[in-house]
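# Commentary on secondary and tertiary structure
Spelled out from the first residue to the last, the chains are:
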Amino acid sequence: MIMNDTIRIRILLKELKKRLPVKSFSIKFALRDVEEEGCIYGPYSHKYGGKFCYLIVRKTLNYAAKVDSLLHEYAHVRLLDRGIYSEDEQKQHCAEWGKEYSKVYQEFLKINTE
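The paragraphs below set out a description of the structure included in this document. No experiment lies behind these values; they were computed from the predicted model shown. (Residues numbered from 1 in each chain as written. Predicted model: local features only at pLDDT ≥ 70, side-chain atom pairs only at ≥ 80, totals over all residues. Heavy atoms only, no water.)

### Considerations on the overall build of the chain
Counting its regular elements, the chain contains four helices and three strands. When the elements of the chain are put in sequence order from the N terminus, they spell out α-β-β-β-α-α-α. Every one of the 114 residues in the chain was classed for burial, and the buried ones make up 40%. Sequence separation of 24 or more characterises 66% of the internal contacts of the chain that already satisfy a separation of 6 or more. When the accessible area of the chain is evaluated, it comes to approximately 7,100 Å², of which 52% is carbon and sulfur surface. (Helix = DSSP H or I, 4+ residues; strand = E, 2+ residues; numbered from the N terminus. Buried < 20%, exposed > 50% of the residue type's maximum accessible area, 1.4 Å probe, protein only. Contact = heavy atoms within 4.5 Å. Areas by Shrake-Rupley, 256 points an atom, 1.4 Å probe, with all protein chains shown as cover.)

### Digging into the packing of aromatic side chains
Taken as a whole, this structure holds three aromatic pairs when the rule is applied. For the ring pair Tyr105 and Phe108, a centre distance of 5.7 Å and an interplane angle of 50° mean the geometry is tilted. Placement of the pair is Tyr105 and Phe108 together in helix α4 (residues 95-113), with a separation of three residues, close to one helical turn. Among the aromatic residues, those joined into a ring-pair cluster are Trp97, Tyr101, Tyr105 and Phe108. (Phe/Tyr/Trp six-rings, centres within 6.5 Å; stacked < 30°, edge-to-face > 60°.)

### Notes on the side chain of Asp81
Note that Asp81 resides in helix α2 (residues 63-81). Summary of buried charges: Asp81 has no salt-bridge partner, and the nearest side chain of opposite charge, Arg78, is 5.2 Å away. Within the structure, the side chain of Asp81 is placed 3.1 Å from the backbone nitrogen of Lys23, a separation counted as a polar contact. From its side chain, Asp81 meets the backbone nitrogen of Ser24 in a polar contact 2.6 Å long. Contacts of Asp81, omitting those with residues within four sequence positions, involve Pro21, Val22, Lys23, Ser24 and Phe25. (Lys, Arg positive; Asp, Glu negative; His and termini not counted. Salt bridge = Lys/Arg side-chain N within 4 Å of Asp/Glu carboxyl O. Polar contact = N/O pair within 3.5 Å; in protein donor to acceptor, adjacent residues only side chain to side chain.)

### Things to note about the side chain of Lys66
Position of Lys66 relative to the elements: it lies in helix α2. Classification of Lys66 as buried rests on a relative accessible area of 5%. Setting aside chain neighbours within four positions, we find Lys66 in contact with Asp5, Ile9, Leu31, Val57, Arg58, Lys59 and Leu61.

### Focus: α4
Here α4 contains 19 residues, and its C-alpha end-to-end distance of 27 Å stays within 8% of the 27 Å for a straight helix at 1.5 Å per residue. Buried within α4 we find Trp97, Glu100, Val104, Glu107, Phe108 and Ile111. In an axial view of α4, the angular spread of the buried residues amounts to 105°, which keeps them on one side of the axis. Facing away from the buried surface of α4 by more than 90 degrees, the exposed residues are Ala95, Lys99 and Thr113. (Expected span 1.5 Å × (residues − 1). Arc of directions from axis to C-beta.)

### Considerations on the environment of Asp33
Within the secondary structure, Asp33 is located in the loop between β1 (26-32) and β2 (46-48). With 28 residues separating them in the primary sequence, Asp33 and Leu61 have C-alpha atoms 9.4 Å apart. Setting aside residues no more than four positions away along its own chain, Asp33 makes contact with Lys59 and Thr60.

By themselves, these observations are geometric and do not establish any function.
Structure representation (structure tokens):
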């Protein structure tokens with residue numbers, strides 16, 4: 001069976017959530033046609049009302065770019081889970097985010113080699 005990109009991305013997110021869980025809120029995921037000036041992949045993942053975090057990836061990207069976007073945004077989600085958030089673009093990509101992105105990426109590599 002050949003899986004389309006949507007199914008593959010959702011399976012990857014499910015596996016990331018299992019291996020690197022988020023405890024403070026639920027994650028709602030969407031592939032959308034989003035256009036935001038200066039934004040390559042999609043809007044920043046963000047929390048609504050303390051119960052949900054919407055993680056959005058641009059639907060029109062190729063599969064590799066969707067994966068890159070998902071991993072990048074999941075690192076933000078993990079920091080948000082720990083209460084680390086900033087409106088400032090540079091602070092959003094601080095050393096702490098880099099460490100979290102590394103963890104997410106390492107799990108992605110494990111998932112792909114199992």
